[in-house]
Amino acid sequence: MVGEIRDEETAKIAIRASLTGHLVLSTLHTRDAKGAVHRLLEFGVTQQELEQTLIAISAQRLVELKCPYCQRECTTFCKKYRVHRLASVYELLYGRELSKVMEECKGTKVQLCYPTLKEVIKKGIALGFIHQREYERWVTDGKNK
């Protein structure tokens, strides 16, 4: 278990451990699962090492849910549902789609087909579970500034 990969040295140690057959779990700061591949390449990990070691990449976000009773933020009457009802949304990149991302890093034009965080949050909004502001906070954050 590597707490967080923040630099080239840590990335290369994690890759070296995985090449010797160990299961390595770690975190990276990226906006989505595909960004983790690009971040590891920035840290000097070779394309071949990534292809040999990566099994899956997960991106996650914590989003606030709407109150099932008042459809807004929870009030004092909703105390048993806590002030903030939170849920995790995930984006999982593995198998063929992970291989396609590796090909994309080589410069090949590919079409990816997996549920992204953006799509999962939009689905939660459409079904009425998630506030619209969560989409603005996680998906468009930093793009309009």
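For the structure, check the block above.
Residues numbered from 1 in each chain as written. Predicted model: local features only at pLDDT ≥ 70, side-chain atom pairs only at ≥ 80, totals over all residues. Heavy atoms only, no water.

**Q** Could you give me a rundown of a nonpolar patch on the surface, with the residues and numbers involved?
**A** On the surface, Met1, Leu23, Leu25 and Ile55 cluster together into a nonpolar patch covering about 520 Å² of accessible area. Overall, methionine 1 belongs to the exposed group, its relative accessible area being 79%. (Patch = residues over 30% accessible without salt bridge, like charges linked within 9 Å, V, L, I, M, F, W, Y side chains within 5 Å. Areas by Shrake-Rupley, 256 points an atom, 1.4 Å probe, with all protein chains shown as cover. Salt bridge = Lys/Arg side-chain N within 4 Å of Asp/Glu carboxyl O. Buried < 20%, exposed > 50% of the residue type's maximum accessible area, 1.4 Å probe, protein only.)

**Q** Could you give an account of helix α2 (residues 33–42), naming the residues involved and the relevant values?
**A** Three or more residues of α2 are buried, namely Ala33, Gly35, Ala36, Val37 and Leu40. Buried positions along α2 lie against α1 (8–19), α3 (47–53), β1 (56–64), β2 (86–94) and α4 (95–105). Where α2 terminates, the next one or two residues include glycine 44, which has phi positive at roughly 90°. (Helix = DSSP H or I, 4+ residues; strand = E, 2+ residues; numbered from the N terminus. Contact = heavy atoms within 4.5 Å.)

**Q** Just give me the short version of the side chain of glutamate 134, but keep the residues and values in it.
**A** The residue glutamate 134 is located in helix α6 (residues 132–138) in this model. Engagement of the side chain of glutamate 134 in a polar contact is seen with the backbone nitrogen of glutamate 64, the distance being 3.5 Å. With residues near it in sequence (within four places) discarded, glutamate 134 still touches Leu62, Val63, Glu64 and Val139. (Polar contact = N/O pair within 3.5 Å; in protein donor to acceptor, adjacent residues only side chain to side chain.)

**Q** Give a description of the environment of glutamate 134 that names residues and reports values.
**A** For glutamate 134, a relative accessible area of 3% puts it in the buried group. Within the structure, the side chain of glutamate 134 is placed 2.9 Å from the side chain of arginine 137, a separation counted as a polar contact.

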